[in-house]
Amino acid sequence: DAKTTQPPSMDCAEGRAANLPCNHSTISGNEYVYWYRQIHSQGPQYIIHGLKNNETNEMASLIITEDRKSSTLILPHATLRDTAVYYCIAYSGGGADGLTFGKGTHLIIQP
Amino acid sequence: GAVVSQHPSRVICKSGTSVKIECRSLDFQATTMFWYRQFPKQSLMLMATSNEGSKATYEQGVEKDKFLINHASLTLSTLTVTSAHPEDSSFYICSARPLEAYNEQFFGPGTRLTVL
């Protein structure tokens, strides 16, 4: 699976939109972009995933550039409970493959 | 839906003993489950892939005789840490892939193992 690069940390004010970038310049055509987050001492929580088109669900929006070399996860109205480490993962979805986690972005929501 | 549980949530054991951790998919069936380990301030590292009815596949550097994995049913996988040492102290997390959702993995809440 392609390597992803994320900033190590970001701050965001409560109530504002949090925009988390991810670079995946070597992503291949069959790899999806997945986002998970991990709140301290808990298991990772699935947020959203996409292949080419932008995606939105009740938690977040995912914007993928046309060349698919980067993406942005958007939390539209961040709350204190969104403080977590966010992982961007390029994954082909093969059943035999586990996920390769990078270091992620530690997002801190400030009151 | 798509809930994965782990038991116990935390365990403390003496060096040299064995510890079993259970991973269950509560509302779906999973032919494949994965076991990860996370040391403090580090990211999750895949340890092994567990397939129902067959032997687990271990990642490079993970001792299969030390970390025994059994996936006896479509809803249960177990990880047994044998002859535990203090350096095995870590956060162990499992994930499960639903039969009908090929691209998705759902994670358990993790098990904190402390070996004294």
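Before reading further, recall that the structure is shown in the block above.
Let us look at the structure shown here.

Reading the values: the criteria
Residues numbered from 1 in each chain as written. Chains lettered and ligands numbered in written order. Predicted model: local features only at pLDDT ≥ 70, side-chain atom pairs only at ≥ 80, totals over all residues. Heavy atoms only, no water. Helix = DSSP H or I, 4+ residues; strand = E, 2+ residues; numbered from the N terminus. Rg over C-alpha atoms; globule rule 2.2 N^0.38 Å. Buried < 20%, exposed > 50% of the residue type's maximum accessible area, 1.4 Å probe, protein only. Contact = heavy atoms within 4.5 Å. Areas by Shrake-Rupley, 256 points an atom, 1.4 Å probe, with all protein chains shown as cover. Lys, Arg positive; Asp, Glu negative; His and termini not counted. Charge placed at Lys NZ, Arg CZ, Asp CG, Glu CD. Pairing = 2+ DSSP bridges. Axes fitted to C-alpha atoms, helices over the stretch in contact; angles between N-to-C directions. Buried area = accessible area lost by both parts, 1.4 Å probe. Salt bridge = Lys/Arg side-chain N within 4 Å of Asp/Glu carboxyl O. Nonpolar A, V, L, I, M, F, W, Y, C, P; charged D, E, K, R; others polar.

## Considering the overall build of chain B
Point 1. Across its full length, chain B holds zero helices and eleven strands.
Point 2. Moving toward the C terminus, one meets the helices and strands of chain B in the order β-β-β-β-β-β-β-β-β-β-β.
Point 3. Since a compact globule built from 116 residues should have a radius of gyration of about 13 Å, the 13 Å found for chain B is in line with a globular shape.
Point 4. Taken along the three principal axes of its C-alpha coordinates, chain B extends 40 × 25 × 20 Å.
Point 5. Each of the 116 residues in chain B was classed as buried or not, and the buried ones make up 50%.
Point 6. Expressed as a percentage of contacts within chain B between residues at least 6 apart in sequence, the contacts between residues at least 24 apart total 55%.
Point 7. Roughly 5700 Å² of accessible area belongs to chain B as shown, and the carbon and sulfur atoms make up 51% of that amount.
Point 8. In chain B, 11 positive and 10 negative side-chain charges are present, and the distance between their average locations comes to 7 Å.

## A short note on the sheet that holds strand β8 (residues 76–81) of chain B
Strand pairing in a sheet takes place through backbone hydrogen bonds and is either antiparallel or parallel in direction.
All names here are of chain B.
Point 1. The four strands are arranged β1-β3-β8-β7 in an open sheet whose pairing can be described as antiparallel. Each edge of the sheet is formed by a strand with only one pairing partner; in this case those strands are β1 (4–7) and β7 (67–73). Taken pair by pair, the neighbouring strands of this sheet meet at an average axis angle of 15°, ignoring direction.
Point 2. Bridge count between strand β3 (residues 19–25) and β8: six bridges; the pairing is antiparallel. Counterpart to Glu22 in the pairing with β8 is Thr78.

## Quick look at the pairing of strand β4 (residues 32–38) of chain B
All names here are of chain B.
Point 1. The buried fraction of β4 amounts to seven of the seven residues, a majority that puts the element mostly inside the structure.
Point 2. Side chains of β4 alternate between two faces, with Thr32, Phe34, Tyr36 and Gln38 and Met33, Trp35 and Arg37 buried alike.
Point 3. Relative to strand β5 (residues 45–51), β4 is paired through six bridges, and the arrangement is antiparallel. Looking across to β5, one finds that Tyr36 is bridged to Leu46.
Point 4. Between the antiparallel neighbours β4 and β5 lie six residues, among them Lys41 with a positive phi of about 60°.
Point 5. Pairing analysis gives seven bridges linking β4 to strand β9 (residues 90–97), with the strands arranged antiparallel. Counterpart to Met33 in the pairing with β9 is Ala96.

## Concerning the interface of chain B and chain A
Point 1. At the junction of the two partners, chain B supplies 19 residues and chain A supplies 20 residues.
Point 2. Interface area, chain B with chain A, both sides summed: about 1500 Å², of which 50% is carbon and sulfur.
Point 3. In terms of surface lost to chain A, no three residues of chain B exceed Asn103, Gln105 and Phe107 of chain B, which account for 35% of the buried area on that side.
Point 4. The interface formed by chain B and chain A holds zero salt bridges in total.
Point 5. Residue assignment for the side of chain B that touches chain A shows that the elements contributing at least two residues are β4, β5 and β9 of chain B.
Point 6. Ranked by residue count, the leading element in the side of chain B that touches chain A is β4 of chain B, at four residues.
Point 7. Grouping the constituent residues of the side of chain B that touches chain A by class yields nine nonpolar, seven polar and three charged.

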